[in-house]
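# Structural features, examined
The lines below spell out each chain.
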Amino acid sequence: MWLRYLEADSVKEGSVSSAAEDSFPTDIFLKLVMVRRKSGLPDSSLQEILRGKLRIVENDSKEVMLLFGELSARLLSIHSDQDLIVVTFKTFEEIWKFATYHSLGFVSHCMETVLLDQAFWLNCLEDDDDDAGIDVQINEQMLKLMYKGLLIQEGTFFALYPVTQATETVQADVELNGHQHVVALETTGGGSLWTVESVTNGEKSQVTKTSVEPLIPFHQWFLKKYAGSIGLFYDLPTGLSHPIGVGFCVATMNYEGAGPEELSFQCGDMIEIVGFLVACLQWFVGKHTTTGQTGFVKTTLVNPTDPILQSHELRILDEEEKSFFTAHGDFTEEEAMNLLKQISRTDVSIVYRMDCLEVLKSHSNQNKENVNLICNGERAATKERVRKATSESGDHQVKNSHDEGKAETLESLTEALPTPEEKSKIQFLVGHGEENIGSEAFQSLLLFLNSKEYSIQFKNLYDLSFSFRSSVFCGYTEDEELIHYLELAREMARKKKMAWAQKRICFLLGRLCARKLKFSQARVYFEEAMGVVQGDFMDLFLLIAVYTNLTAIYIKQKNKDKYAPLFEKVAALLLGIPNYICSTEMESEILKYALKKAIFCQNQPAEARTCFLLARLHTHLNQYEEALPFLERLQLLNSKLFSQITSSALPYYYTLGNVYIQKCLPYLAVSCVKLASSQPYSTFINCLKSIDFVIENTPKFHSLGRRGQMIPTQITPCLKQALFLADSGGHQRFCKAICLSLSEIYKQLEMCEKAIFYLKKGMNTETYTSATEVIDAFISLAWLYILNNQDDLALDILQSMVEAKSLNSKPPYLGVVYNMSAISLRKMNSIKKAAEDYHSAIQISKEMGFKHNQAIAQANFGALCLYSKACCLAEHYLVKSVELFSELETVAHDPDFIQVLLWLGQYYVNKNQFEQGRFCYEWAFLVAIKGDHIESQLLATQLLCQFYTVVIPSEAQCIIYNEYQLSIARKMSDKELEGQVLETVSQLYLSLGTERAYKSALEYTKGSLGIFIDLRKKEKEAFAWLQAGKIYYILRQNELVDLYIQVAQDVAVSTTDINIALEVFEAAGDVFFNGTWDREKAVSFYRDRALPLAVKAGNTKAELRLYNKLVELLLNLKTYEEALEFAQAALTISVSLAEGHLNERVAYHRLANVYLSLGQYELAEHFFLKALSLCPSPLEFDEETLYYVKVYLILGDIIFYDLKDPYDAAGYYHLALAAAMDLGNKKAQLKICTRLATIYHNFLVDREMSLFFYQKARAFATDLNVRRINLSPDQYYKGITRPYLKNTT
């Protein structure tokens, strides 16, 4: 990955903290850019997808926070608008880890795992030739400054210091390549100078702050963690220009070996390097080309002459060492094939499939979105191929059974042969009895051990596991018996002068004594082994084992005088001899010493080799946590030392992945293997191995699939690369399996076109071994055609299989074919033929005893009956299906069973059998929970919410199920659904009408608001702001109402959609209009904001609605003149709409009320009568009759009280009384009869009519328990206010 400088306009990187008069940043920016892998160029369309996901995690950053915790960083904030993530670090170790992960490319892949959903890997990677991903860019300079600041805070650290600026004392002691050396530095004192201490001789001096540069984080960590390890540093060698190498070199001076193990030579002699020459060590093992002698050679006494050593080609491992990590994670072709079969496994040719649930929602013929573009010739060829495949099944089966018999015979013969290990296995019986056992008892053992050269049979004697105790020796129960036996053998070897046998026996005795913590006795045996055959390098592995074990004893006994002369030579053996056999855990101390020297000499190839050896040692000891830093450093050095990652480096990725899994770091683990599969040297097997690792170890980042856990779509790029490599590399037998796997992945996300493409590509590979496989493939293809609404193509395949008649011998296949055929026929409206095929499928499953298939076929038949409106038959078959499913204990939680229950529940609800419908819904809901089927739970919950909202309204039940639906949406990471559900729950709580419910509604509204902001759903965001303002209005928090409503308006205007703005402005006015205080604020929203937009948009309905609201509002506010203007405008629009008389009648009624309020009674009477004239005749509803009563009563009051015309008033009252009698409203009749009695008694002077109405009023008063008051005309006019001025609008 790249390290780049970033600039941000609105977010300033690197808040600083002061330390020792310097300023250091406290945070780092990560810039996330979507790029195409091959070109490295940004992709703007994909960047928008990434930015949308960043907006979501900006407010819900739990998963991102967990990821950065795994990456040893601390998340501070996310700025989605600038594609930035801000992180910080508290220790230099955190920076070291994070910088390593970034340099290795893990950070980018981890971000892809978190931020890119399952559909991305399929939807956005349609171009098979180019992959896409996230490039994480950081400011390298800022990271270095932060690293330095943290080191200064700690007080001590290691740094590089130029030799030219060193003091004379230090300069005399140390001279290194690059003219820099390592010093320990203390920053505790003040001032401009720091105290530095030489790591070689301990000399101290004062240096300026700017003259030192901290060591890189890994070196810093290693030197601090292992500060107490052995540190014998003599003069650091600087003679060789090449850090590490193999081949030949020439002696530069005469040298006489100080012991038999050191090689003597003359100036100009040619010396062959045995293994590797590591320049930072004092010794290496060399072979004199003239004398043939082998021994230790000082690196400072030779110069490279061999072209291999002088070339720029770096070789830090031999071929056998390169295979170490590969051997630990070997992945065979057989395992690869099993993996692909597991991915592509489907039961579509065995288990019946359910018809679509939408069949109950729409009985119309479905429009096919996918147009059939396949020519008739190709369709005919497909039919012929199906017939041919089904007719040849018998021949293929006979041939396959014959081949399988031959394979079994060969396998049995192979198993009978002994393995190479069994052939070479040699065991010696440990004797019992007297000590003076004869020499014959040890003859075979001594002959076996007396070989001068190394034999593979000696490996168990040298290795760390002490496996020789059981693999080489037998017949004893305790180690003491074996030690006694070997001591006798040692004496016998000494007597017979079998030096090599004596050496190996002493070595074994030393190891056994050390195992029992008898270090002094072990030392004696090891020293004897060293002295028996001195200067002989024939068995290098034995030499290494003796040297390392003896040195380990000296270290444990703290005998510095003894181990000091050996240490450099042991280090040279361990680093220089490839593939040596590990024999003691103390080797790690020697290797750490060598790593220190490599660091101080700045010898990166030697550092890489030492890291490899330490990682191998700790891995061999199952100390994976200790191995991890060295593995990471080795992988990083590989990428630096070589221009590109070689094939030998790939196994490190897989080893790292396994270690990360053991440390519960799943994001890093998956990133390792994904990165490995994308390397140029990645092989076909590497790709499949990566796929296996991802499937096995990918955490549950995404929701569950419909049928078990969803296959992670992150493996799609690996599968496509594997397909390319298999096709070009001669692995044709894998091509089919890979294509089928890709088809299955596309199918699970309902991308049927791509699924069909890869399935057909797999079918065209011609690698099928039996006709059964071909039949399976064609059935799968037919089902994909059905899912893709290409039912005619599906029928071509299915009917061809039936017509071939060879499936008669395979009833399970035939039943599946009939069931699928019926589904296609139903979708094509061939109801009769579909029913026949369903019947055949039911009969076959019944004869075969497959209850599960029978239940599915019964359910499909029931759905067909519902489609055909044969309700009784539908209920019969659906109930029968439920009964069959209930008998199957193993599939009681099957999604198909859930679907049948939901079908049956919908049927009962449509038939108004609500209790049965509710029972089926809740049963399906419980079964979905038991089976942990997320999508089924969602569907059942939605139907239950609809049931308790529409069918049997229950606010409490609605809240319960909607909150559960909310939890499902969060599990599925479906933010859009989550926002919708939060919005619904908020409305439900708001309808409860309590203060506690209002506060809950506010909380849910704010939750939905955050999601709509993240999703850039501007319309929903505006209404969410408005809903929050409405709730604050109800809670009387007036200071927040205007704020939230203003933001809602701003968001609506920002959409540039005039209709959305109109709706929001009107809804904002409704908040005050429907309230009980500050109602006058609604006027400005209606008149000044919403109404001009309605006029501009030409939305006459909205304009009329706003006029009506303004009229009513202004009447209540007693601004009658302005109300008259809007009432007249409303009347004009309602007349022009010509959408029935209702709007016009309302407009006349409101205008009449305005004139009434203005005191223009004649005009009020006129418009009330106009409103009444628009009422339907005859009256159909009680509400219409009640309207007659009210209006005629108002008219009577106007004429009687204001125009003082009792005669006309009596006429209106009579009409009102007739309507009230028709309605049967006694209260209205009491009021009207009272007024008529008053008029006839006092004004019209008709005693008979007055008495009549008086008696009727008295009767109504008695029924209603109301006391009637009879007033005189003067009192009547003075004491009663006009009743029509109340509630007349």
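Attention in this report is confined to the structure presented alongside it. If you're wondering where the values come from, they're calculated on a predicted model, not measured in any experiment.

A word on the overall build of the protein chain. Counting its regular elements, the protein chain contains 57 helices and 20 strands. Expressed as a percentage of its 1289 residues, the buried residues of the protein chain come to 54%. Taking contacts inside the protein chain between residues at least 6 apart in sequence as the whole, the part at least 24 apart equals 67%. Surface exposure of the protein chain reaches about 57,900 Å², of which carbon and sulfur atoms provide 51%.

A few words now on the sheet that holds strand β18 (residues 302–304). Taken in spatial order, the 5 strands line up as β17-β16-β14-β13-β18 in an open sheet, and their pairing is antiparallel. The strands lining the two open edges of the sheet, one partner per strand, are β17 (294–298) and β18. On average, adjacent strands in this sheet sit at an angle of 45 degrees to one another, irrespective of strand direction. In terms of strand pairing, strand β13 (residues 248–251) meets β18 through 3 bridges, oriented antiparallel. Bridge pairing in β18 links cysteine 249 to proline 304. The sheet strands contacting helix α23 (residues 560–576) are β16 (283–288) and β17, and the helix crosses β16 at an angle near 70 degrees.

Scanning all chains against the criterion turns up 0 disulfides. Here cysteine 110 is not disulfide-linked; the sulfur of cysteine 672 is the nearest cysteine sulfur, at 8.2 Å. What makes cysteine 110 buried here is its relative accessible area of 0%.

A separate point is the packing of helix α49 (residues 1100–1116) against helix α50 (residues 1120–1137). At a minimum axis distance of 8 Å, the contact between α49 and α50 shows a crossing angle of 150 degrees. Comparing their axes, α50 and α49 come out roughly antiparallel. The interaxial crossing formed by α49 with α50 has left-handed handedness. Between α49 and α50, the residues in contact are Thr1100, Glu1103, Leu1104, Tyr1107, Asn1108, Leu1110, Val1111, Leu1114 and Leu1115 and Tyr1120, Glu1122, Ala1123, Phe1126, Ala1127, Ala1129, Ala1130, Ile1133, Ser1134 and Leu1137, respectively. Residue composition of the contact of α49 with α50, by class: 14 nonpolar, 3 polar and 2 charged.

Another aspect to go through is the pairing of strand β3 (residues 28–36). Burial of β3 is extensive: 8 of the 9 residues sit out of reach of the surface. Where β3 lies against strand β5 (residues 84–88), 4 bridges are found, and the strand directions are antiparallel. Counted as the bridge partner of lysine 31 is leucine 84 from β5. One ladder, built from 7 bridges, connects β3 with strand β6 (residues 132–138); its direction is antiparallel. By the bridge assignment, leucine 30 is partnered in β6 with isoleucine 138.

With that settled, the discussion passes to the nonpolar core. Formed by 424 residues in total, the largest nonpolar core has its most connected members in Phe68 and Phe473. With 13 residues, the top contributor of residues to this core is helix α22 (residues 540–556). Apart from the residues within four sequence positions on either side, phenylalanine 473 is in contact with Phe428, Val430, Leu445, Phe468, Leu482, Tyr485, Leu486 and Leu508.

Before going further, it helps to examine the sheet that holds β6. Taken together, 4 strands build an open sheet; the order of strands is β4-β5-β3-β6 and the sheet is antiparallel. Pairing within the sheet leaves two strands with one partner each, and these edge strands are β4 (74–79) and β6. Mean inter-strand twist for the sheet, computed between neighbouring axes without regard to direction, equals 30 degrees. Set on the sheet, helix α1 (residues 44–59) makes contact with β3, β4, β5 and β6; between it and β3 the angle comes to about 145 degrees. Sheet strands touched by helix α2 (residues 62–70): β3, β4 and β5. Its angle to β4, the strand with the most contacts, is close to 135 degrees.

Another aspect to go through is the pattern of salt bridges. In this structure the tally under the stated criterion is 45 salt bridges. For glutamate 744, the salt bridge is made with lysine 747, and the minimal N-O distance between the two is 3.5 Å. Of this pair, glutamate 744 and lysine 747 both sit in helix α31 (residues 732–748), 3 residues apart, which is roughly one turn of the helix. Residue glutamate 744 shares its accessibility class with lysine 747, and that shared class is buried. Between arginine 1087 and aspartate 1088 there is a salt bridge whose closest N-O contact spans 3.0 Å. Through salt bridges with shared partners, a single network forms among Arg490, Glu491, Arg494 and Glu528.

As a further point, take the packing of aromatic side chains. A ring pair, where both rings are aromatic, is described by two values, the distance of the centres and the angle of the planes. Scanning the entire structure with this criterion turns up 62 aromatic pairs. With a centroid separation of 5.1 Å and an interplanar angle of 65 degrees, the aromatic rings of phenylalanine 1200 and tyrosine 1201 are classed as edge-to-face. We note that phenylalanine 1200, like tyrosine 1201, is buried. Above the ring of phenylalanine 466, the side-chain terminus of arginine 511 is found at 4.2 Å from the ring centroid.

The next subject is the side chain of aspartate 355. With respect to the helices and strands, aspartate 355 occurs in the loop between α12 (333–344) and α13 (376–391). Note on aspartate 355: relative accessible area 2%, which makes it buried. A polar contact is formed between the side chain of aspartate 355 and the side chain of arginine 826, at a distance of 2.9 Å. Each residue touching aspartate 355, except ones within four places of it in the same chain, is listed here: Ile823, Arg826, Tyr838, Asn860, Gln899 and Trp903.

Another point: helix α30 (residues 716–728). For the α-helix, the turn length of 3.6 residues means that residues three or four positions removed from each other point alike. Taking 1.5 Å per residue, 13 residues should reach 18 Å; α30 reaches 18 Å between its end C-alpha atoms and fits that length. Those residues of α30 not exposed but buried are Thr716, Pro717, Cys718, Leu719, Lys720, Ala722, Leu723, Leu725 and Ala726. Downstream of α30 by one or two residues, glycine 730 has phi in the positive range, about 85 degrees.

One non-glycine residue with positive phi stands out, namely asparagine 912, at about 60 degrees. Residue placement: asparagine 912 occurs in the loop between α39 (895–910) and α40 (914–931). Looking at asparagine 912, the relative accessible area reads 57%, which means it is exposed. Positive phi, normally seen in glycine, also occurs at arginine 1036, with a value near 60 degrees.

The rules behind each value
Residues numbered from 1 in each chain as written. Predicted model: local features only at pLDDT ≥ 70, side-chain atom pairs only at ≥ 80, totals over all residues. Heavy atoms only, no water. Helix = DSSP H or I, 4+ residues; strand = E, 2+ residues; numbered from the N terminus. Buried < 20%, exposed > 50% of the residue type's maximum accessible area, 1.4 Å probe, protein only. Contact = heavy atoms within 4.5 Å. Areas by Shrake-Rupley, 256 points an atom, 1.4 Å probe, with all protein chains shown as cover. Pairing = 2+ DSSP bridges. Axes fitted to C-alpha atoms, helices over the stretch in contact; angles between N-to-C directions. Disulfide = S-S within 2.5 Å. Parallel < 35°, antiparallel > 145°, perpendicular 65-115°, else oblique. Left-handed = near helix turned anticlockwise from the far one by under 90°. Nonpolar A, V, L, I, M, F, W, Y, C, P; charged D, E, K, R; others polar. Core = buried A, V, L, I, M, F, W, Y, C linked by side-chain atoms within 4.5 Å. Salt bridge = Lys/Arg side-chain N within 4 Å of Asp/Glu carboxyl O. Phe/Tyr/Trp six-rings, centres within 6.5 Å; stacked < 30°, edge-to-face > 60°. Lys NZ or Arg CZ within 6 Å of the ring centre and 35° of its normal. Polar contact = N/O pair within 3.5 Å; in protein donor to acceptor, adjacent residues only side chain to side chain. Expected span 1.5 Å × (residues − 1).

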